[in-house]
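Examining the three-dimensional arrangement
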Amino acid sequence: GVVAPAPVAAAPVAAPQVAEATAAEAPAVEEEVDLGPAAQMVEMLRNSGNPKFAESQFVNFIDKVSKGDFKFKENTVVDRNGQEIDWDSLYDTEAATATASDRQALEQMWAASSGAGSSSMEAGVQQAWRDVPGLDMSDAELQRMMGLAGPGTMEEAWTEAMAEGMPGLEHLYSGGLGGSAAYKFAEDNPYLDDEDPLALAMRLLREGRDREALMALEAEVKRNPESSEGWRQLGELYAALDQDVEAIQCLRKGHEVDPYNLDSLLALGVSLTNELDHMPAWRYLRRWIENHEEHQVLSQGLETPADYDFHEWQQQVTDLFTKAAEANPLDSQVFVALGVIQNINRNYESAIQALATACRLRPNDHTVWNKLGATLANSGKSEQAVVAYHQGLTLKPNYARSWSNLAIAHANLGQHADAARFYLSSLVLNPEATHIWNFLHSAVLNMNGAGTAEMKAIDQRDIAAASKVIEGVLDPAALPKPREELTQPPDEILGSIGL
């Protein structure tokens, strides 16, 4: 097989990947309706920190509208083919995790929103809202909530709604730091009888055998459910494989068994940011400061913000990490966290500077280069992002997440053939990251000369067939082994992209 040029790699990214899709890839909505208030509510409710609510029928419905899967036509809801959707069949569909392009669409609609939506949209929103489990809110109260969401930011709307005492909303924050769905172990695991599966996993990772390492880590936590390190490393490996839902499940479990594991706290903050769960991300990042031997002094005597006060959480946690970076300019973890935080804040220049500092302090950490690349792409600097991704992939050539991030950067640059082969390369490395098929579909649609063979393979989610008709897909067997260090000094690499 052909190896895609330049070894690249990825990492348990957070905020970075949120905004990497291009405007051209964002799905369109058929009617010229204003989905801004509803889109704000989706992000606001997902930020509530309640996993059950984030996957509710209401949020799923609006998410599908934002993606173009459902469209409003007169007083009905139709699918992409114009077929009317029955409400009962709609709710048989399992809520899917939003992909980067979905989130981009939501953000675009939010930014462009003004005034109320169409009557058909409001009717659909209200029908979905009525079916939210455990929430008692009338249509009139929903309309007030959407009205609050209109002129300002979603966080301001949420704070004002809470201040006005709207019923049924307070409990949405109660699950923010709680558990999630039970982790599902693989049925057949060849490593269950291994003497030391954790050590075995580390060796497999060094050899670039990530899928096998995943099974070894599963064996570790299945045999020893109290292994905080096992759960943390399993979560971080899932993040590297671009499976954030599973990553958060494992990281939360690791946090449950050891609430003081600093690496778990930081990894949770990162993965939750990547899933747009900003409020619980703030909480975990603050806890990292509170429990850090050197930095905990910064939070002593500082009152914890109210549960629903997004702005106060944002300001306080940003200030804490800024002060921590000033207090110890050699603490790479602080700069990684600060880069993630400034991504949430959409302060990309500060995020880039923080992550560039982290790259100088930890030049041989592929995850840090990936975060820098994603942040550069978020800020519209996709050419520089490609350089950063290549450093990460040089260190870890089988980094599935970085391959998909690299694809997004090429799509941003209008290089859709390259984007397609890199998306498919990521799927070759991890077929379980099924959301990437949506990205691949968009890239192939934008390619000149793409034919029915490509689309058929993608529609059938057939990696082998797609690899035969999309040129330049990597061959995992031909990838070089992971490297211990880069061949260039980090200052030289960063200087080449103006950092």
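Below is a short write-up of the structure. (Residues numbered from 1 in each chain as written. Predicted model: local features only at pLDDT ≥ 70, side-chain atom pairs only at ≥ 80, totals over all residues. Heavy atoms only, no water.)

Another aspect to go through is the overall build of the chain. Tallying secondary structure elements over the chain gives 26 helices and two strands in all. Buried positions account for 56% of the 499 residues belonging to the chain. Excluding contacts between residues fewer than 6 apart, the proportion of contacts in the chain whose partners are at least 24 apart in sequence is 69%. Total accessible area on the chain is roughly 20100 Å²; 47% of this is exposed by carbon and sulfur atoms. (Helix = DSSP H or I, 4+ residues; strand = E, 2+ residues; numbered from the N terminus. Buried < 20%, exposed > 50% of the residue type's maximum accessible area, 1.4 Å probe, protein only. Contact = heavy atoms within 4.5 Å. Areas by Shrake-Rupley, 256 points an atom, 1.4 Å probe, with all protein chains shown as cover.)

Glancing now at helix H22 (residues 416-429). Given a rise of 1.5 Å per residue, 14 residues ought to cover 20 Å, and the 20 Å separating the end C-alpha atoms of H22 matches this to within 8%. Burial analysis of H22 places 11 of its 14 residues in the buried class, which makes it a mostly covered element. Within the sequence span of H22, burial applies to His-416, Ala-419, Ala-420, Arg-421, Phe-422, Tyr-423, Leu-424, Ser-425, Ser-426, Leu-427 and Leu-429. Residues of H22 that are buried sit in contact with helix H11 (210-223), helix H21 (400-412), helix H23 (436-446) and helix H25 (463-469). (Expected span 1.5 Å × (residues − 1).)

A few words on the pattern of salt bridges. A pair can form between side chains of opposite charge whenever their charged atoms are brought close. Counted by the stated rule, this structure contains 14 salt bridges. Linking Arg-401 and Asp-244 is a salt bridge whose minimum nitrogen-to-oxygen distance equals 2.6 Å. Here Asp-244 lies in helix H13 (residues 244-257) and Arg-401 lies in helix H21, a separation of 157 residues in the sequence. Of the two residues, Arg-401 and Asp-244, neither departs from the other in class, the shared state being buried. A salt bridge links Arg-286 to Glu-290; its shortest N-O distance comes to 2.1 Å. Of the two residues, Arg-286 and Glu-290 are both situated in helix H15 (residues 278-291); the distance of four residues between them amounts to about one turn of the helix. Look at Arg-286 and you get buried, because its relative accessible area is 3%. Judged by relative accessible area, which is 31%, Glu-290 ranks as partly exposed. Among the charged side chains, a salt-bridge network with shared partners connects Arg-203, Glu-207, Arg-209 and Glu-212. (Salt bridge = Lys/Arg side-chain N within 4 Å of Asp/Glu carboxyl O.)

Okay, the environment of Gln-353 next. With respect to the helices and strands, the residue Gln-353 is situated in helix H18 (residues 348-361). In this structure, the C-alpha to C-alpha distance between Gln-353 and Leu-338, residues 15 residues apart in sequence, is 9.6 Å.

Let's shift gears to the packing of helix H14 (residues 262-274) against helix H17 (residues 332-344). At a minimum axis distance of 10 Å, the contact between H14 and H17 shows a crossing angle of 25 degrees. It follows that H14 is roughly parallel to H17 by the angle criterion. Between H14 and H17 lies a crossing whose hand is left-handed. Of the residues in H17, those touching H14 at Asp-263, Leu-266, Val-270 and Thr-273 are Gln-333, Ala-337, Val-340 and Ile-344. When the residues that make up the contact of H14 with H17 are grouped by side-chain class, the tally is five nonpolar, two polar and one charged. (Axes fitted to C-alpha atoms, helices over the stretch in contact; angles between N-to-C directions. Parallel < 35°, antiparallel > 145°, perpendicular 65-115°, else oblique. Left-handed = near helix turned anticlockwise from the far one by under 90°. Nonpolar A, V, L, I, M, F, W, Y, C, P; charged D, E, K, R; others polar.)

In this model helix H16 (residues 310-327) runs 26 Å from its N-terminal to its C-terminal C-alpha over 18 residues, within 8% of the 26 Å that 1.5 Å per residue would give. Restricting attention to buried positions, one finds in H16 the residues Phe-310, Trp-313, Gln-314, Gln-316, Val-317, Thr-318, Leu-320, Phe-321, Ala-324 and Ala-325.

Attention shifts here to the nonpolar core. Counting residues in hydrophobic clusters, the biggest one holds 102 residues, and the most contacted among them are Leu-234, Phe-321, Trp-369, Leu-372, Tyr-423 and Leu-440. Apart from residues lying up to four places away in sequence, Leu-440 is in contact with Ala-420, Tyr-423, Leu-424, Leu-427, Ile-458 and Ile-470. (Core = buried A, V, L, I, M, F, W, Y, C linked by side-chain atoms within 4.5 Å.)

Interaxial distance between H11 and helix H12 (residues 228-240) falls to 9 Å at its minimum, and their mutual angle equals 150 degrees. Judged by the inter-axis angle, H11 sits roughly antiparallel to H12. For H11 against H12, the interelement crossing comes out left-handed. Judged by residue contacts, Asp-210, Ala-213, Leu-214, Leu-217, Glu-218, Glu-220 and Val-221 of H11 engage Gly-230, Trp-231, Gln-233, Leu-234, Leu-237 and Tyr-238 from H12. Looking at the contact of H11 with H12, its residues break down into eight nonpolar, two polar and three charged.

Right, let's get into the layout of surface pockets. For the second largest pocket, the calculated volume is near 830 Å³. As for the second largest pocket, its lining consists of 28 residues, of which Leu-205, Glu-236, Asp-365, His-366 and Thr-367 are closest to the centre. Of all elements in the fold, only helix H10 (197-206), H12, H14, H17 and helix H19 (366-378) reach the threshold of two or more residues within the lining of the second largest pocket. The greatest single-element share of the lining of the second largest pocket, amounting to five residues, is contributed by H12. Its residues assigned to classes, the lining of the second largest pocket comprises 12 nonpolar, five polar and 11 charged. (1 Å grid on protein atoms, 1.4 Å probe; cavity = no way out; pocket = protein on both sides within 12 Å on 5 of 7 lines; lining within 4 Å. Points joined across faces, edges and corners; volume = space filled by probe spheres on them.)

Positive phi, close to 70 degrees, is recorded for Asp-242, a residue that is not glycine. Mapped onto the elements of the fold, Asp-242 is located in the loop between H12 and H13. Classification of Asp-242 by relative accessible area gives buried; the value is 4%. For Arg-346, which is not glycine, the phi dihedral falls at a positive 60 degrees. Mapped onto the elements of the fold, Arg-346 is located in the loop between H17 and H18. Assessed through its relative accessible area of 36%, Arg-346 is described here as partly exposed.

The next subject is the side chain of Asn-261. One can find Asn-261 in the loop between H13 and H14. Residue Asn-261 is classed as buried on the basis of its relative accessible area, which comes to 10%. Among the polar contacts listed, one links the side chain of Asn-261 to the side chain of Glu-229, at a separation of 3.1 Å. Polar contacts involving the side chain of Asn-261 include one to the main-chain amide nitrogen of Ser-264, which spans 3.1 Å. Apart from the residues within four sequence positions on either side, Asn-261 is in contact with Ser-228, Glu-229 and Arg-232. (Polar contact = N/O pair within 3.5 Å; in protein donor to acceptor, adjacent residues only side chain to side chain.)

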